[in-house]
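Chain by chain, the residues run as shown.
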Amino acid sequence: MGSGKTTVGTLLARQLAWRFVDLDARIEEAAELSIPEIFERLGETAFRQMEADQLRAVLGRASEHKEGTVLALGGGTYAQAGCPEFLRAAGVTVLWLDTPIETLLARCMIMPGRPLFRDESSFRMLHAQRLPSYQQADYRVDSSGEPAAVVAEILRRGIVGGGAGEEHLVVEKP
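This one's a predicted model, so the numbers in the text were calculated from it and none came from an experiment.

J.: Hey, could you go over the overall build of the protein for me, with residue numbers and the actual values?
T.: Counting secondary structure elements, the protein contains eight helices and five strands. For the protein, the α and β elements follow one another from N to C terminus as α-β-α-α-α-β-α-β-α-α-β-α-β. Within the protein, buried positions represent 46% of all 174 residues. Contacts in the protein between residues far apart in sequence, at least 24 positions, make up 75% of those at least 6 positions apart.

Here it is as structure tokens:
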């Protein structure tokens, strides 16, 4: 939540001439509901099931079409039990967009539609819960700067760009 996954992911995909997919947008499209509406009407458990289903679908398509894909995960996706192992087994490179918590808080306070962002205290707890999962990512990049600079750093470090058929995930903080 608030690390810039959609903005950075879109720019990165454009630079690589790859497909960009925002997992939350896929979920909303499939459910015909916004993320907050899914949480409110169906609950987090139903949301997490839709998230897992869409993740499998996106990876299946990328593999089937041998299509380079930048996939922006929701803040909680990578923290779900089995997700890091599933992505590793699928040969997916995971990139963690790491942002200082104070910056995340400042960004999230002005962003509507964040069902798990209630207040600073609960946000800090959620961040602490998810942090061990994020630390399992293959790469970590500071995303507190301008999105174009973040993309330039990703490309400079050679984190992506291995060729068609590889999927790369942009993982955000809570």
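J.: Can you break down the confidence of the model for the protein residue by residue, with the values?
T.: Averaged over every residue, the pLDDT of the protein is 83; the share at 70 or more is 83%. Between residues 163-168, whose pLDDT stays under 50, and residues either more than four places distant or in other chains, the model counts 26 contacts.

J.: Which residues make up the pattern of salt bridges, and what values do they have?
T.: Applying the stated criterion across every chain yields a total of ten salt bridges. Among the ionic pairs, Glu44 bridges to Arg48, the shortest N-O distance being 3.1 Å. Remark: Arg48 and Glu44 occur in helix α4 (residues 44-64); sequence separation between them is four residues, near one turn of the helix. On the basis of relative accessibility, which here comes to 35%, the residue Glu44 falls in the partly exposed class. Close ionic contact of Arg56 with Asp53 constitutes a salt bridge, the shortest N to O distance being 2.5 Å. One end of the pair, Arg56, and the other, Asp53, are both in helix α4, three residues apart, so they sit about a helical turn from each other. For Arg56, a relative accessible area of 43% corresponds to the partly exposed category.

J.: So what's going on with the pairing of strand β2 (residues 69-72)? Residues and values would help.
T.: In β2, alternate side chains face the same way, and those of Thr69 and Leu71 on one face and Val70 and Ala72 on the other are all buried. Summarising the sheet, strand β1 (residues 19-22) and β2 pair through four bridges and their orientation is parallel. Looking across to β2, one finds that Phe20 is bridged to Val70.

Each value, and the rule that gives it
- Residue positions within a chain follow its written sequence, with the count starting from 1.
- A pLDDT threshold of at least 70 governs which residues receive local features in this predicted model, and a stricter bar of 80 or more applies before side-chain atom pairs are shown or counted, although totals over entire chains, interfaces and linings include all residues.
- With hydrogens and water excluded, all non-hydrogen atoms of the structure serve as input to the side-chain values.
- Under the scheme used here, helices are H or I runs from DSSP no shorter than 4 residues and strands are E runs no shorter than 2 residues, and both carry numbers assigned from the N terminus.
- The buried label applies to any residue whose accessible area, calculated with a 1.4 Å probe on protein chains only, is under 20% of its type's maximum; exposed applies above 50%, and partly exposed to all values in between.
- The criterion used for residue contact is that any of the two residues' heavy atoms lie within 4.5 Å.
- Across the chain, each position has a pLDDT score giving the predictor's confidence in that residue, from 0 to 100.
- When a carboxyl oxygen of Asp or Glu is within 4 Å of a side-chain nitrogen of Lys or Arg, the pair counts as a salt bridge.
- Between any two strands, at least two bridges found by DSSP are needed for them to pair.

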